[in-house]
Amino acid sequence: MPILKNIAAIAKGMSITFMEMFQPTTVENYPDGPGPLRGAKFQERYRGVHVLQRDENGLEKCVACFLCAANCPANCIYIEAAENTAENRISGAERYAKVYNIDYNRCIFCGYCVEACPTDAITHGHGFEIATFNATNLIYRKEQLLAARPAHLGANPVFNSAEVAGGAPAEVAPGE
Amino acid sequence: MADAPKLVNITVDGKPVAAPAGTLLIEACKTVGIEVPSFCYYPNLSLQGACRMCLVRVEKMPKLQTACTTGITEGMVVVTDSDEIRQARKSMVEMLLGNHPLDCPVCDAGGECELQDMTFSYGAAESKFIELKQHRDEQQWSPVVYFDRPRCILCYRCVRVCGEGMDVWALGVDNRGAVSTIVPNKQDHLECEECGMCIDICPVGALTSGAYRYKTRPWEMKHVGTTCTHCADGCKTTLGVRRSDTGMEIVRGDNRDKSGINGDFLCIKGRYAFDFANNEDRLTQPLIRKGGRLVPATWEEAFEFVGRRFKEVLDREGGRAIGVIGSTRTTNEENYLLQKFARVALGTNNIDHHRTADFPAFAAALHGKSGATASMRDVYNASAILLIGNDPTEEHPLLAWQIRNNVRLHNARLYVVNSRPIKLRRQAASFTQVTSETDFTEFLGGDESLASFATREGWNAVRDKLRAEQGLVIIFGSEIFGEDIQALARFAASVPGAKLLCLGDYANSRGAADMGLYPDLLPGYFPVSGAGKFHQEWKITPAAPGMNIGQMFEATKTGQLKALYVIGANPVGRLNVNPSTLKNTFVVVQDMFLTETAALADVVLPAANAYEKAGTFTNTCGDIQILKKAGEVTTAKPDFEMIVRIADAIGFDVRKLVPFGHGVHADMGQSRGAQSGEADQHAVWLEANGLEPKMSPFDPVATLDEIQRLVPGYDVSRTELLAGNDQHTSIAAMGPGTVQNPELIVPAKNNLFSSGTLGRYSRTLNSVIENKDPEPADAVPTD
């Protein structure tokens with residue numbers, strides 16, 4: 001009986017439809033979702049706004065080797081290097097980036113800078129909400145790109161003095 | 001030496017190679033484009049055989065041979081590339097990297113490191129070594145030299161260049177074998193000439209420069225090859241520039257392509273003393289004196305004010321009440337323009353500069369004698385050199401380098417005649433200490449039977465030896481002037497092939513003289529009183545000689561001189577002019593800094609320096625070279641533009657000053673005939689030389705066109721000039737010069753660490769300890 005066969009086929013098909021109807025929704029509810037990302041979800045590998053990482057001592061990983069800038073096909077990275085001193089230690093090596101700007105007007109998020117970085121200092125974060133009405137806002141300075149300072153490092157005097165020089169409010173570290 | 005050496009035939013990788021006998025295998029390979037890698041081998045330094053990178057297989061020899069120490073022999077068959085050789089090189093690189101830190105990202109040499117290149121070309125991707133690397137802290141040996149011991153690969157290039165090349169011997173090797181280390185001469189620091197040759201020659205980042213340290217990376221800079229602005233030797237220096245808030249900042253000086261007359265060489269001034277340009281004391285705006293104080297003003301205000309005041313003096317008393325003092329550090333074009341401005345726009349011959357050598361007498365002595373002047377390259381190739389007076393090691397570092405290496409590599413004979421025991425006597429075949437260089441010169445050029453010279457022991461012997469020399473170059477300092485130059489030229493004429501070289505002190509001292517910054521001489525040493533092509537071209541040249549620099553300051557005192565226009569000179573600071581003499585004179589100064597002279601001025605205009613403009617310099621030998629704009633400070637203007645702007649503000653037609661635009665170009669000199677004398681001579685010349693008219697009154701090349709057209713001896717190839725090559729100008733074709741006023745010659749007395757007024761503003765020059773405690777020449781050991 002072909003009609004019974006047809007009914008069975010439709011019932012089978014519709015059963016999936018009805019089953020899914022009671023499953024939770026998989027559509028991302030951006031921007032009305034919960035959490036800081038407001039419902040947006042990312043793959044780990046997503047290439048968003050860059051983050052300049054810090055090492056385990058809270059010092060900047062970037063040693064201003066300029067390889068990211070050299071590798072950048074859009075020529076959007078601008079660096080000025082300076083030398084670390086005992087009083088003003090910013091990075092773990094001899095040199096640090098005094099100025100580190102990325103021009104997001106030009107950046108194509110290709111990730112070559114991340115590939116080039118010998119110290120894993122520059123990484124792609126998941127930031128993507130950078131649209132603005134003013135193009136000059138798209139030039140991000142080092143202060144905007146740097147990873148947040150780890151909470152446990154408040155007591156490190158070296159780190160504190162570096163932060164003071166970097167423009168953070170002065171705070172007297174214990175033991176100094 | 002005269003015969004060409006015999007050619008030896010060898011085979012390299014199947015290619016036949018013919019090279020002169022005695023050529024090293026590594027050099028012979030280079031001639032057919034086969035690169036044999038090496039660290040320790042460096043052309044013109046002694047052989048070391050330390051790095052073993054240059055191993056090649058020579059047929060019938062049991063082991064691999066070092067190409068850098070093997071001379072070629074007839075029939076040699078060489079293989080430079082095989083599995084065996086590749087494996088050997090790979091092992092060598094692996095050994096070197098055994099303790100070499102992999103800190104390329106922070107190393108200043110990263111990007112131009114020979115070890116990095118070799119590792120990429122010949123090295124292995126990974127190392128078999130698992131041992132921990134031995135770390136040593138970086139040492140600072142001087143304000144300009146840093147040493148990072150783990151990075152050192154012990155090629156000993158620095159030790160050899162310091163000793164053999166510079167004759168300083170400040171670096172040595174301590175210990176033996178794997179624990180060898182390069183050490184400075186004073187335990188923990190260096191006391192030397194601070195030339196930075198060791199840093200330049202270091203194939204890795206073991207020796208790095210304090211001036212450039214951690215500032216940027218090689219590929220981030222734009223490299224501009226220009227001419228050094230310090231002493232009169234005219235070294236080519238390549239400046240690395242980066243953009244900055246105020247234009248382009250110079251971050252590094254070196255001679256990376258080694259293409260200039262200086263080859264490998266640069267002294268501390270050429271390498272590090274560009275930093276005056278970034279000095280915080282640099283003037284950033286025009287200043288006008290109001291109510292006794294210099295207050296900032298706009299450029300328009302300043303030019304208008306200067307023009308109005310000059311015009312007032314001109315209308316009231318004429319050009320003779322205005323004096324002009326030129327510079328020894330401005331370009332030929334600016335000097336030419338300045339004297340033309342004085343003579344044509346102001347109608348005065350009151351123009352002079354700080355004279356450091358008697359070039360007019362030199363021109364007089366060599367008038368019409370072609371081929372009688374030596375170029376800087378001749379000094380390196382001459383078979384014999386006579387050096388009278390001066391201390392080139394301190395005052396002319398490149399000249400000293402050329403002499404030293406000529407003696408070392410070509411066995412040239414050096415005869416030194418000096419009143420002081422100068423350091424170059426260590427290279428001399430004969431050193432004659434005299435009480436006065438003048439006496440010796442008179443002896444050379446005079447009559448040997450004169451009784452006054454009979455007692456001078458050994459002078460005759462020296463003269464006889466000099467007479468027997470072929471291709472002698474006679475170099476003399478500012479001790480010799482006036483009639484004595486004539487005497488020397490007479491002596492030179494008696495020696496076949498002898499050439500003369502007159503030593504001035506500043507970067508463009510010779511150019512200032514050649515361009516006629518003299519009250520009695522026009523460009524090319526033509527007298528102002530005679531009639532000539534300058535009188536025809538410029539129409540209104542005043543025929544009476546003007547005031548010289550001494551007379552000008554006398555005249556300011558008496559009130560005869562109402563206005564003084566000073567460009568890039570500091571007569572108050574350098575020539576001991578009493579400041580009170582300038583009280584009632586309207587003084588305009590163009591300079592980079594508020595010098596003693598500028599501080600007394602009524603108007604100060606911030607000028608660009610020689611690294612910040614285009615033009616040409618003539619070194620003391622008469623070699624003309626191009627300047628290219630490297631740095632830029634947006635708040636300064638080049639002197640060329642300022643002179644034109646002031647001429648314009650006076651109300652003078654700048655077309656008569658700078659030959660720009662098309663002129664009577666519709667005519668092209670054809671309708672009336674180029675010979676008729678009524679055509680636009682400049683346009684005819686441009687057409688004949690295949691050059692375009694320049695379109696801007698601020699284009700110094702327009703003035704270069706006029707210099708090349710009108711100044712004999714400067715008609716050198718424009719192509720060569722633009723290519724950055726040095727060319728020797730001929731003084732023989734120039735005017736008759738003059739022999740007078742030697743009292744106006746004031747030697748700059750600069751040493752390696754000073755550079756007139758400019759040197760005071762260089763942080764590097766002032767930071768080296770040698771500057772504060774100069775080693776007297778007689779403390780140098782002789783051995």
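Residues numbered from 1 in each chain as written. Chains lettered and ligands numbered in written order. Predicted model: local features only at pLDDT ≥ 70, side-chain atom pairs only at ≥ 80, totals over all residues. Heavy atoms only, no water.

Visitor: Help me understand the overall build of chain B, please; the structure alone is not making it clear to me.
Guide: Regarding its fold elements, chain B presents 27 helices and 31 strands. Its C-alpha atoms give chain B a radius of gyration of 28 Å, within 12% of the compact-globule value 28 Å for 783 residues. Within chain B, the proportion of its 783 residues that are buried is 60%. Entry remark: accessible area of chain B is about 30700 Å², with carbon and sulfur atoms responsible for 51%. Across chain B, the centroid of the 81 positively charged side chains sits 1 Å from that of the 95 negatively charged ones. (Helix = DSSP H or I, 4+ residues; strand = E, 2+ residues; numbered from the N terminus. Rg over C-alpha atoms; globule rule 2.2 N^0.38 Å. Buried < 20%, exposed > 50% of the residue type's maximum accessible area, 1.4 Å probe, protein only. Areas by Shrake-Rupley, 256 points an atom, 1.4 Å probe, with all protein chains shown as cover. Lys, Arg positive; Asp, Glu negative; His and termini not counted. Charge placed at Lys NZ, Arg CZ, Asp CG, Glu CD.)

Visitor: Quick question: what am I supposed to make of the sheet that holds strand 7 (residues 145-147) of chain B here?
Guide: Sheet strands associate in pairs through backbone hydrogen bonding, adopting either a parallel or an antiparallel arrangement. Residues and elements named next belong to chain B. Across the sheet, three strands lie side by side as 6-7-10; this open sheet has antiparallel pairing. At either margin of the open sheet sits one strand with a lone partner, and together these are strand 6 (139-140) and strand 10 (207-209). Strand direction decides the pairing type here: strand 6 and strand 7, joined by two bridges, are antiparallel. Each residue of the ladder has a partner; that of Gln-140, found in strand 7, is Tyr-146. (Pairing = 2+ DSSP bridges.)

Visitor: What exactly am I supposed to notice about the packing of aromatic side chains here?
Guide: Any aromatic ring pair is given by two values, namely how distant the centres are and how the planes are angled relative to each other. Taken as a whole, this structure holds 21 aromatic pairs over all chains when the rule is applied. A centroid spacing of 4.7 Å and a plane angle of 45° characterise the contact between A:Phe42 and A:Tyr46, whose relative ring orientation is tilted. A residue is classified by how much of its surface remains accessible, and A:Tyr46, at 34% relative accessible area, is partly exposed. What links up through ring pairs into an aromatic cluster is the set B:Phe305, B:Phe310, B:Phe341, B:Tyr565 and B:Phe586. Taking NZ or CZ as reference, B:Arg252 lies 4.7 Å from the ring centre of B:Tyr212, over its face. A cation sits over an aromatic face here: B:Lys637 above B:Trp299, 4.9 Å from the ring centre. (Phe/Tyr/Trp six-rings, centres within 6.5 Å; stacked < 30°, edge-to-face > 60°. Lys NZ or Arg CZ within 6 Å of the ring centre and 35° of its normal.)

Visitor: So what exactly am I meant to see when it comes to the domain arrangement of chain A here?
Guide: For interface size, the figure often reported is the accessible area lost on association. Structurally, chain A comprises domain 1 (1-41) and domain 2 (49-162). Summarising the inter-unit geometry, the C-alpha centres of domain 1 of chain A and domain 2 of chain A are found 44 Å apart. (Domains from an automatic or database assignment.)

Visitor: Any chance you could explain the sheet that holds strand 19 (residues 413-418) of chain B here in plain terms?
Guide: All names here are of chain B. Pairing is parallel in the open sheet, where five strands are placed in the order 20-19-18-21-22. With partners counted over all chains shown, the strands left at the sheet margins are strand 20 (430-433) and strand 22 (499-502), one partner each. Ignoring strand direction, the axes of neighbouring strands in this sheet form an average angle of 15°. Note that strand 18 (residues 384-388) and strand 19 share five bridges and pair parallel. (Axes fitted to C-alpha atoms, helices over the stretch in contact; angles between N-to-C directions.)

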